[in-house]
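# Structural description and commentary
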Amino acid sequence: MVRLCMLLALTFWLNVPLQANDLYLGAATADISPKLPVALMGQFHMRIAETADTPLYAGIVAIESRDGQTGLDTAVFVSCDLVYISARLRQELRDEVAKRIPGFNVNKIIVSATHTHTAPVLEDDLEESSFIYPIPEEGVTKVKDYRALFVRSVADGIEDAWANRSKGSVTWGMERAAVGYNRRTVYKDGTSVMYGNTNKDEFQNLEGYEDHDMNALFFWNEADELLAMSVDVACPAQEFEHKTTVNADYWHPVREKLKSRFGQKVSVLGWIGAAGDQSPHSMYRKAGLARMQELAQKTRMDDIAERIIRAVENTYEIVKNDRHSNVVFHHEMENLELPMRIITKEEYIESEKVVKDCQEQIAVDPNKATLLYAKMTWFGDVLKRYKAQQKNPEATYSSEIHVLRIGDAAIATNQFELFTDYGIRIQARSKALQTFVVQLAGPGTYLPTEKAIAGGGYSAVCQSNVVGAEGGQVLVDRTLAIIDRFWDEENAVRLKKKL
Amino acid sequence: MIFLKHQFFTLLFLSVISFQGYTQSENEDNLKVGWSTADITPDMPVLVAGQFHARLSEGVMDPVTATILALESGEGTNSEKTIWISCDLVGISDGMRATANLRDEIRNRVIKAIPSILPEQIIVNATHTHAAPYVASTASVEDIYGVSLEQMADGKPAMSPSDYIPFAADKIAEGVISAWGKRKPGGMSLGLGHAVVGLNRLQALKHGKSRMYGNTNSPEFSHIEGYEDHSLNLMYFWDINKQLTGIIINIASPSQVSEHSYELSADFWHDTKVALRKSLGDSVYVLAQASSAGDQSPHVMVGSKAEERMQKLLGFAEEGTGRGSNAHRKYIAKQIVDEVTDLFPVMKANIDWQPEFKHEMKLVPLSRRLLSEEDVAEATKEAKTWQAEYDKLKAEVRDNPAMIETPRWYKDITISYSKLRRGLVVSERYELEKVQPKMPIEVHVVRIGDAVFATNPFELYLDYGMQMKAQSPAIQTFIVQLTGSGSYLPTKRSIEGGAYGAVPASTLMGPKGGDELVEETLSIINTMW
């Protein structure tokens, strides 16, 4: 009787197909290079790029699981050479795809950014963003025009990948590659500084961990041709963050080399793992690294690219014969309501002072707007948030996450520059054999840890964070709950079979 | 024509440089390099060091060795000399923690055979394999573990630590004499790579406390307590024909994959040496050093299932995969060998035949850890608990002598005795701190070219090493831990976390001593630049 009750209960809540299913896969690459000149996103001062060092691309993979001819679930991954993905850009893309592929659930489109700091500005509306540049009205590509170009090109790519999907196979693998470095220096007085000098007596340690796992997914079509690969590195692509030219950063040499090795048609999706406190910039042993680069006649960019390429090639060689064409596939999108970081009165007063100072300096010398305007809007957002908080102290921040299961791998996305510790928590507690955490699948703001907030410094101050450590834990817990369910369902099926 | 003229002078210049490179390699300022290895594997069972419980060795998985590098610059008695000895041992007893002193046993034998070498020119480091003979004490095994060696061995032949130490010292000293005799002009090249081997093993929990190892797959897990250092500091040595003779490999990880083995083993350094010799030649020597890595281990804290699958797909399944497996050792070896061989061409093209060479040893007084009465009370209380447990287990053996027929019957009883002793030392240290607040330790600083080596006898938490590396004027700084008997030297953060490794019983020094070590080491390094 007890067994029967358990069986009935399980049958009741099992509403997702649980058996392994065929995967239909399609891939494409969209050119998202802007028309020049274009304003670049990523620094407080405005930069106008007159030239492009490299193209910018979006790598696309479309996945559909099927039971016979019945479509069960879908996902479209779009990885972009951009600094982040604004909410408006994502919505405009989804709207366009909805027009082109009737009936397609566009909420299954996951758009993520590599965080290159040498790609176009995506926002120009102060109501929607806290970081606005004074882009000239004439002579520079308009933000809305770039978004239109992006949407057109990526929608073409999605349409193409979706239309050409065919029965395929997939596998996953990992290798270790030391690419990202923790960039937050802790001093003996307990304060933290992003990119703080480590060559001083007061230096105590680097604040957090580094995640040197490089996770990769490989996708093949029915003819066993490699269609695409997604490579997840816990390091934002910002080696060239101060350039004033368009540049896809380290993903450009990585992509070029991987295409020459695996085929020009292979789509390479660059994913960034939880890496809000990481960067490609070395924090110490700099002289040794510089010397090695000089001796080998390589740049740091070469070094980064070679590490990733070697890891991908090693991984591929190890896992290429362990392909799966019939796997469990689930995809769930959820809008989380995260508690917002509370702005203190002191933070409000300090931000107000900075805003006034910027306003005064710009009033005296309008040329200073290129240096100070974004800073003014960044601090100005704190004032808006503080006022909103006075009206509604319990306000939450809505944040889209996606959690997928592909065979033994889980993929969990979030919109933030997520501090590595959160990614580690998700990976440590995940039931998947291998867990990919993908950040910047949306509007990126830093999501720091409690430890980082206590240390302070850029990326952990209130100006940098809409959501604080409390929200970070909610994100972790909810992501894990969905992953758990994907695996618990499998266990339930096993149990059901046993009963 | 102008181009040709330039080409001619460039070629002439390069020829002179190249010619000088070879001729300088023959003159008295040249670096002379000698290598050897000593097999220090005993030919009968010994105690294996590294766990609370005693382990009587049950065979040999692979040999435990000492690798010796003899360096000399200049001629005669005033020449600069360093004898570097890397041992597949858990630590190098040096009189700091007990009366045993393997380091001095080696030194005494060497200086007797080669009077021109001074004791302070000999550095001995351990790789921290937990599957090597016990050398920490010359006391009777019963005093060390609470059970006699005869009982453990059930009357069969076995070698006590007090016999093994001179055995190893003899072999190592012979190796030094051989390396010294074989030294020849050579050059070195300095390399820096990356290999993700050492992983931080301290888990910070949400309530503020930390633990060593444990399960990260738990809601109470917050983050990994500290940092990791995945740099691979390398020094390649060449003969005058530009043939590789050996490599120093310095990595921030102890070699303790096989840490529970009852078979003797050099751990992942064995697999690394085998793989490197396969790639670079059978005659190549590998001198292994552990950089500051007190809070590190090779054990995977997060993502172990994914790595184990990769080990299986690599074809290592037959040797066992996952934690503590030979597959894991091979996986580590692959990471190191890939990087060493990748850098090889660049290293061969950039040999320094006359590197600046200086070696200074200083006895640095460091503050002992200041313990509180509460620390003593807590440790004493624990000791009493373990005393009771030990007495109970001992009585069980007395009442039931047939127990010793069971393999490894002595495990629990030796754990209780080790923990009893561990509790008692806290009180001893508390009293000692009052009368001898400082404890002198040996620090060696060796400059070779643009690189510097800085030693310490501890299991030094990584942050201290990073502080030294960040502030050192050298292009590359090799921190070498465990050039002595080793006790953990934790950070303030780690003491607050309270994990094993940071508790009073695990430590001689605390953060004050750590800060002093960093400061004193840097001040010696700075005198060399």
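All of these numbers come straight from a predicted model, not from anything done at the bench. Sequence positions are assigned chain by chain, starting from 1 and proceeding in written order. Chain A is the first chain written and ligand 1 is the first ligand written, with later ones labelled in order. Note on the predicted model: pLDDT of at least 70 is required for a residue's local features to be given, and 80 or more for side-chain atom pairs to be given and counted; whole-chain, interface and lining totals, by contrast, use all residues. Values shown for side chains rest on all heavy atoms present in the structure; no hydrogens or waters enter the calculation.

## Comments concerning the overall build of chain A
Keep this limit in mind: Secondary structure elements are taken from DSSP: a helix is a run of H or I of four residues or more, a strand is a run of E of two residues or more, and numbering for both begins at the N terminus. As defined in this context, the radius of gyration uses C-alpha atoms, and a globule is described by 2.2 Å times the residue total to the power 0.38. For the exposure calls, accessible area comes from a 1.4 Å probe over protein chains only, and a residue counts as buried if that area is under 20% of its type's maximum, exposed if over 50%, partly exposed in between. By definition in these notes, contact holds between two residues if any of their heavy atoms fall within 4.5 Å. For every accessible area listed, the method is Shrake-Rupley and the probe measures 1.4 Å; residues are considered covered only by the protein chains on display. For the purpose of charge, His is not counted, nor are the chain termini; Lys and Arg are scored as positive and Asp and Glu as negative. The location of each charge is read from NZ of Lys, CZ of Arg, CG of Asp or CD of Glu.
Helix and strand counts for chain A stand at 11 helices and 23 strands. Relative to the globule expectation of 23 Å for 499 residues, the C-alpha radius of gyration of chain A, 23 Å, shows essentially globular dimensions. Over its C-alpha atoms, taken along the principal directions, chain A stretches across nearly 75 × 55 × 50 Å. By residue count, 62% of the 499 residues in chain A fall in the buried class. Once local pairs closer than 6 in sequence are excluded, the contacts in chain A between residues at least 24 apart make up 80%. Total accessible area computed for chain A in this model is approximately 18,800 Å², and 51% of it derives from carbon and sulfur atoms. In chain A, the 57 positive side-chain charges and the 69 negative ones have mean positions that sit 2 Å from each other.

## Things to note about the domain arrangement of chain A
Often, the extent of an interface is quoted as the loss of accessible area upon association of its parts. Residue and element names in this part refer to chain A. As a reminder of what qualifies: Domain boundaries shown here were taken from an automatic or database domain assignment. The term buried area means the drop in 1.4 Å probe accessible area that two parts suffer when joined, counted for both and summed.
Splitting chain A by domain gives domain 1 (17–339 + 396–498) and domain 2 (345–391). Each of domain 1 and domain 2 was reduced to a C-alpha centroid, and the two centroids are 31 Å apart. At the interface, 16 residues of domain 1 touch 16 residues of domain 2. Carbon and sulfur atoms make up 64% of the area that domain 1 and domain 2 hide from each other, which totals about 1,500 Å².

## Quick word on the interface of chain B and chain A
Condition: Just to be clear on terms, a salt bridge is a Lys or Arg side-chain nitrogen sitting within 4 Å of an Asp or Glu carboxyl oxygen. Polar contacts, as counted here, are pairs of nitrogen or oxygen atoms within 3.5 Å of one another; within protein the pair requires one atom able to donate a hydrogen and one able to accept it, and residues that are adjacent in sequence qualify only if both atoms are side-chain atoms. Throughout this entry, Asp, Glu, Lys and Arg are counted as charged residues, while Ala, Val, Leu, Ile, Met, Phe, Trp, Tyr, Cys and Pro are counted as nonpolar. The remaining residues, Gly among them, count as polar.
Each partner contributes to the interface: chain B provides 50 residues, whereas chain A provides 54 residues. Counting each side, the surface lost to burial between chain B and chain A is near 4,700 Å², with a carbon and sulfur contribution of 55%. When residues of chain B are sorted by the area they lose upon contact with chain A, His194, Tyr227 and Arg309 of chain B head the list and together hold 15% of the total. There are 6 salt bridges connecting chain B and chain A. The tally of links between chain B and chain A comes to 21 residue pairs in polar contact (both at pLDDT 80 or more). The set of elements that each furnish at least two residues to the side of chain B that touches chain A consists of β7 (184–194), β11 (221–224), α7 (304–316), α8 (326–348) and α11 (462–471) of chain B. For the side of chain B that touches chain A, the element with the most residues is α8 of chain B, which contributes 9 residues. Looking at the side of chain B that touches chain A residue by residue, the class counts come to 20 nonpolar, 16 polar and 14 charged.

## What to know about α8 of chain B
For clarity, the cut-off: Multiplying 1.5 Å by the residue count of a helix minus one yields the expected span of that helix. Here the bend at a residue means the angle between the axes of two seven-residue stretches, the one that ends at it and the one that starts at it.
With 23 residues, α8 of chain B should reach 33 Å at 1.5 Å per residue; the first-to-last C-alpha distance of 32 Å fits that figure. Approximately 30° is the largest bend angle found in α8 of chain B, and it occurs at Asp342 of chain B, with the proline Pro345 of chain B only one to four residues beyond.

## What about helix α6 (residues 268–280) of chain B?
Side chains three or four residues apart in an α-helix point the same way, a direct result of the helix having 3.6 residues per turn. Residues and elements named next belong to chain B. The end-to-end C-alpha distance of α6 is 18 Å, a good match for the 18 Å that 13 residues give at a rise of 1.5 Å each. Within the sequence span of α6, burial applies to Phe268, Trp269, Asp271, Thr272, Lys273, Leu276 and Leu280. On its buried face, α6 sits against β3 (65–73), β13 (244–251), β14 (285–290) and α8. Phi turns positive one or two residues past the end of α6, at Gly281, with a value near 120°.

## Quick notes on the packing of α11 of chain B against helix α13 (residues 511–527) of chain B
Residue and element names in this part refer to chain B. The cut-off we apply is this: Only the stretch in contact is used when fitting a helix axis, every axis being a line fitted to C-alpha atoms; angles between N-to-C directions are given from 0 to 180 degrees. Roughly parallel means an angle under 35 degrees; roughly antiparallel, over 145; roughly perpendicular, 65 to 115; everything else is oblique. A clockwise turn of the near helix away from the far one marks a right-handed crossing, whereas an anticlockwise turn of less than a right angle marks a left-handed crossing.
The geometry of α11 relative to α13 is characterised by a closest axis approach of 10 Å and an angle of 25° between their N-to-C directions. Classified by the angle their axes make, α11 and α13 are roughly parallel. For the pair α11 and α13, the crossing hand works out as right-handed. Side by side, α11 and α13 meet where Tyr464, Gln467, Met468 and Gln471 of the first sit next to Pro511, Gly514, Asp515, Val518, Thr521 and Leu522 of the second. Class assignment for the residues of the contact of α11 with α13 results in 5 nonpolar, 4 polar and 1 charged.

## A few points about the domain arrangement of chain B
All names here are of chain B. Under the domain assignment used here, chain B contains domain 1 (31–358 + 439–492 + 513–527) and domain 2 (373–435). Relative to domain 2, the C-alpha centre of domain 1 lies at a distance of 30 Å. With 17 residues of domain 1 at the contact, the number on the domain 2 side is 18 residues. When the two sides are added together, the surface that domain 1 and domain 2 hide from each other amounts to roughly 1,500 Å², 53% of it contributed by carbon and sulfur. Linking domain 1 with domain 2 are 2 salt bridges, by the criterion used here. Taking the shortest distance from any N to any O, the salt bridge between Arg408 and Glu58 comes out at 2.7 Å.

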